[in-house]
Amino acid sequence: FAADKTFSIIEDNGVYLISDGKTVCRLSDFSNLDGKKVIAHGSKKLYLKAIEENITVNIVFDTLLAAYILNPSETNYSADRLFAEFLSENRNSAGVVLGLQKLADKMKAKLEENGEMSVFSEIEMPLSSVLAEMEHIGFKADRNFIEEFGKSIDSEISAAEEEIYRFAGKEF
């Protein structure tokens, strides 16, 4: 992969497709991405894969995050829906990865027009890598505290049930 190129990557049912804007291939060796500029649809998933592969990926744009910022009440952020909305095009997975740069350019212009580019670049994009790191590492929980807390809630529920039955005059 050429060092000066920006690559587009999508994940489709567990398969990563990569494009340089001219050709599409299945990405099997993630070390080829180390340090490369990438446009993604779903950066957190790609950051997580990069962490697992022990590489650094430079995601410069995420169409999924941009779509969320542009329309947070939408429930479908699929790449094919975004192509239909922003470019009036229908594409399959290979077509999506080939045209991701075009979609990203259109979405970037819309973010700038709406004054939302700083939210995208200063909050959402950096947060994506942080969330991937957190998902990879996980978190610690105090098992004893959680078990004791559960027992105390159980006893409060039992006491409340007894009081309800007492007021009702019978169990039901």
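Residues numbered from 1 in each chain as written. Predicted model: local features only at pLDDT ≥ 70, side-chain atom pairs only at ≥ 80, totals over all residues. Heavy atoms only, no water.

### A word on the sheet that holds strand S2 (residues 15–19)
- Read from one edge of the open sheet, 5 strands run S3-S2-S1-S4-S5, paired in mixed fashion. If you trace the sheet from one side to the other, it starts and ends with strand S3 (24–26) and strand S5 (58–62), each paired once. Looking at each pair of strands side by side, their axes are set apart by 30 degrees on average, direction ignored.
- As paired strands, S2 and S3 are joined by 3 bridges and run antiparallel to one another. Residue pairing in the sheet places serine 19 in a bridge with valine 24 of S3.
- Here helix H1 (residues 43–53) sits on the sheet in contact with strand S1 (6–12), S2, strand S4 (37–40) and S5, set at roughly 165 degrees to S5. (Pairing = 2+ DSSP bridges. Helix = DSSP H or I, 4+ residues; strand = E, 2+ residues; numbered from the N terminus. Axes fitted to C-alpha atoms, helices over the stretch in contact; angles between N-to-C directions. Contact = heavy atoms within 4.5 Å.)

### What to know about the environment of isoleucine 137
- Summarising the element assignment, isoleucine 137 is placed in helix H5 (residues 117–137).
- With relative accessibility at 61%, the residue isoleucine 137 sits in the exposed group.
- Between the C-alpha atoms of isoleucine 137 and isoleucine 157, which are 20 residues apart in sequence, the distance is 35 Å. (Buried < 20%, exposed > 50% of the residue type's maximum accessible area, 1.4 Å probe, protein only.)

### Focus on the environment of tyrosine 16
- Topologically, tyrosine 16 is positioned in strand S2.
- Residue class for tyrosine 16 comes out buried when judged on its relative accessible area of 10%.
- Put simply, tyrosine 16 and lysine 44 are 28 residues apart on the chain and 14 Å apart in space, counted from C-alpha to C-alpha.
- The contact partners of tyrosine 16, leaving out residues within four places of it in the chain, are Ile9, Ile10, Glu11, Cys25, Arg26, Leu27, Phe30, Lys45, Leu46 and Lys49.

### Focus: the layout of surface pockets
- Roughly 200 Å³ of internal volume is contained in the largest pocket.
- Lining the largest pocket are 15 residues, with Ile10, Glu11, Asp12, His41 and Ala79 sitting closest to its centre.
- Of all the secondary structure elements, the ones that give two or more residues to the lining of the largest pocket are S1, H1 and helix H4 (93–113).
- In terms of residue count, S1 provides more of the lining of the largest pocket than any other element does, 4 residues in total.
- Of the residues in the lining of the largest pocket, the class split is 6 nonpolar, 5 polar and 4 charged. (1 Å grid on protein atoms, 1.4 Å probe; cavity = no way out; pocket = protein on both sides within 12 Å on 5 of 7 lines; lining within 4 Å. Points joined across faces, edges and corners; volume = space filled by probe spheres on them. Nonpolar A, V, L, I, M, F, W, Y, C, P; charged D, E, K, R; others polar.)

### As for the confidence of the model for the protein chain
- In the predicted model, the protein chain carries a mean pLDDT of 88, and 97% of its residues have values of at least 70.
- S1 is the least confidently modelled element of the protein chain, averaging 78 in pLDDT, while helix H2 (residues 63–70) averages 96, the highest of any element. (pLDDT = per-residue confidence, 0-100.)

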